[in-house]
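# Remarks on the overall topology
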Amino acid sequence: GAVVSQHPSWVICKSGTSVKIECRSLDFQATTMFWYRQFPKQSLMLMATSNEGSKATYEQGVEKDKFLINHASLTLSTLTVTSAHPEDSSFYICSADEGQQNTEAFFGQGTRLTVV
Amino acid sequence: GEDVEQSLFLSVREGDSSVINCTYTDSSSTYLYWYKQEPGAGLQLLTYIFSNMDMKQDQRLTVLLNKKDKHLSLRIADTQTGDSAIYFCAESINSGYALNFGKGTSLLVTP
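All residue numbers refer to positions counted from 1 along the written sequence of the respective chain. Labels follow written order: the first chain is A, the first ligand is 1, and so on. Local features in a predicted model are, by the rule used here, given only for residues with pLDDT of at least 70; side-chain atom pairs are given and counted only at 80 or more, and totals for whole chains, interfaces and linings are based on all residues. Each side-chain value is worked out from all heavy atoms of the structure, with water and hydrogens disregarded.

## Focus: the sheet that holds strand β8 (residues 71-76) of chain B
Residue and element names in this part refer to chain B. A strand pair is defined by DSSP finding two or more bridges across the two strands. Put simply, DSSP H or I for four residues or longer makes a helix, DSSP E for two residues or longer makes a strand, and each gets a number counted from the N terminus. Pairing is antiparallel across the open sheet formed by five strands, whose spatial order is β1-β3-β8-β7-β6. Each having just a single partner strand, β1 (5-6) and β6 (55-58) make up the two edges of the open sheet. As paired strands, strand β7 (residues 61-66) and β8 are joined by six bridges and run antiparallel to one another. Residue pairing across strands places L65 opposite L72, the latter belonging to β8.

Below, the structure is given as structure tokens:
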């Protein structure tokens, strides 16, 4: 199946700094990428939908100025957590689809963010 | 969005069958999915079912869909200790590729 890679797998940062997470589709072009957040023992919540070459669509309650999404190419989307706070500590996971008549979006392995 | 409901915990003995239940919300969902998440890892797609199907079998996995009741189940036959993980059911949002997940069912398989 198609491969989606996230980088880094884990990151620790200080409060107030910004962290960038990359999501790459390795062997296909991703028309759309999705960003999810998972708090401990909770479900994955969709944060935003990222379309190549256009602005991301954010879900209700997700601050677009805090979670900056860039989808500059068909194989890369980035999520930047700006001015991170401890409450932003979470597991962030992306998925990507090929935009064809496929049955699934492919998930990255996730990024564990800890803000201290 | 509205909640996809799952039982939070299930414990079974090795060799028994496991049945994980899920109630979803969007009757227009085209696909319904089951994902597996092991500790500290990402999501692994186990199986999916198209909304016009009642059942799908894939080796040890059987998915049953009751569209009238919006009820989905995953049966794992001959459950092994390696099956211990969190299982998420998910529905497609507006029949697209974005997903609405349940809270996950933590499956513990004991020897």
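## With respect to the interface of chain B and chain A
For an interface, size is often stated in terms of accessible area lost upon the parts coming together. On the side of chain A, 19 residues touch chain B, which itself brings 18 residues to the contact. A simple way to read buried area is as the amount of 1.4 Å-probe accessible surface that goes missing from two parts once joined, with both sides added. When the buried surface of chain B facing chain A is broken down by residue, L43, Y97 and F101 of chain B rank first, second and third, together holding 38% of it. The term salt bridge refers to a side-chain nitrogen of Lys or Arg lying within 4 Å of a carboxyl oxygen of Asp or Glu. Put simply, chain B and chain A have zero salt bridges between them. Any N or O atom pair separated by 3.5 Å or less is treated as a polar contact, with the protein-specific requirement of one donor-capable and one acceptor-capable atom, and with residues adjacent in sequence counted only for side-chain atom pairs. Joining chain B to chain A, the criterion identifies five residue pairs in polar contact (both at pLDDT 80 or more). When contributions to the side of chain B that touches chain A are tallied by element, the ones reaching two or more residues are β4 (31-37), β5 (43-50) and β10 (99-101) of chain B. The residue inventory of the side of chain B that touches chain A, partitioned by class, reads 13 nonpolar, four polar and one charged. It only takes one pair of heavy atoms within 4.5 Å for two residues to be counted as in contact. For this classification, the nonpolar set comprises Ala, Val, Leu, Ile, Met, Phe, Trp, Tyr, Cys and Pro, the charged set comprises Asp, Glu, Lys and Arg, and every other residue, Gly included, is treated as polar.

## Considering the pairing of strand β4 (residues 32-38) of chain A
Residues and elements named next belong to chain A. Relative accessibility decides the category of a residue: with a 1.4 Å probe and only protein chains considered, values under 20% of the type maximum give buried, values over 50% give exposed, and everything between is partly exposed. With seven of seven residues buried, β4 is to be regarded as a mostly interior element. Neither face of β4 is open: one carries T32, F34, Y36 and Q38, the other M33, W35 and R37, and all of them are buried. The pairing of β4 with strand β5 (residues 44-51) spans seven bridges and is classified as antiparallel. Residue T32 lies in a different strand from β5, and its bridge partner there is N51. Counting the residues in the hairpin turn of β4 and β5 gives five residues, including K41, whose phi is positive at 60 degrees. By the bridge criterion, seven bridges tie β4 to strand β9 (residues 90-97) in an arrangement that is antiparallel. Bridging across to β9, F34 finds its partner in S95.

## Some remarks on the side chain of Q37 of chain B
Mapped onto the elements, Q37 of chain B comes out in strand β4. For Q37 of chain B, a relative accessible area of 7% gives the class buried. At 3.0 Å, the side chain of Q37 of chain B and the side chain of Q38 of chain A are in polar contact. Aside from chain neighbours lying at most four places away, what touches Q37 of chain B is Q38 and F91 of chain A together with G42, L43, A85, I86 and F88 of chain B.

## A closer look at the sheet that holds strand β8 (residues 76-81) of chain A
What links the strands of a sheet is backbone hydrogen bonding, and the strands pair in either a parallel or an antiparallel sense. Residue and element names in this part refer to chain A. In spatial order, the strands read β1-β3-β8-β7; together these four strands make up an open sheet with antiparallel pairing. This sheet does not close on itself; its edge strands, each paired only once, are β1 (4-7) and β7 (67-73). Mean inter-strand twist for the sheet, computed between neighbouring axes without regard to direction, equals 15 degrees. Relative to strand β3 (residues 19-25), β1 runs antiparallel, the two sharing four bridges. Residue pairing in the sheet places S5 in a bridge with R24 of β3. Think of each axis as a best-fit line through the C-alpha atoms, taken over the contacting stretch in the case of a helix, with angles from 0 to 180 degrees between the N-to-C directions.

## Observations concerning the packing of aromatic side chains
For Phe, Tyr and Trp, rings pair up if their centres lie within 6.5 Å, where Trp contributes its six-membered ring, and each pair is then called stacked (planes under 30 degrees apart), edge-to-face (over 60) or tilted (otherwise). Tallied over the entire structure, the rule returns 13 aromatic pairs over all chains. Between Y36 of chain A and F101 of chain B the ring centres are 5.6 Å apart and the planes differ by 85 degrees, which places this aromatic pair in the edge-to-face class. Of the two residues, Y36 of chain A sits in strand β4 while F101 of chain B sits in strand β10, which places them in two different chains. For the ring pair F88 of chain B and F101 of chain B, a centre distance of 6.1 Å and an interplane angle of 90 degrees mean the geometry is edge-to-face. Residue F88 of chain B is located in strand β9 (residues 85-92), and its partner F101 of chain B is located in strand β10; the two are separated by 13 residues in the primary sequence. Judged by relative accessible area, F88 of chain B falls into the buried class, the value being 0%. Given the relative accessible area of 4%, F101 of chain B is considered buried. Taken together through their ring pairs, the aromatic side chains of Y36 and F107 of chain A together with Y31, Y33, Y35, Y48, F50, F88 and F101 of chain B make up a single cluster. A ring is considered to have a charge above it if a Lys NZ or an Arg CZ atom is located within 6 Å of its centre and within 35 degrees of its normal. Looking at K56 of chain B, its charged tip hangs above the ring of Y48 of chain B, at a distance of 3.7 Å from the centre.

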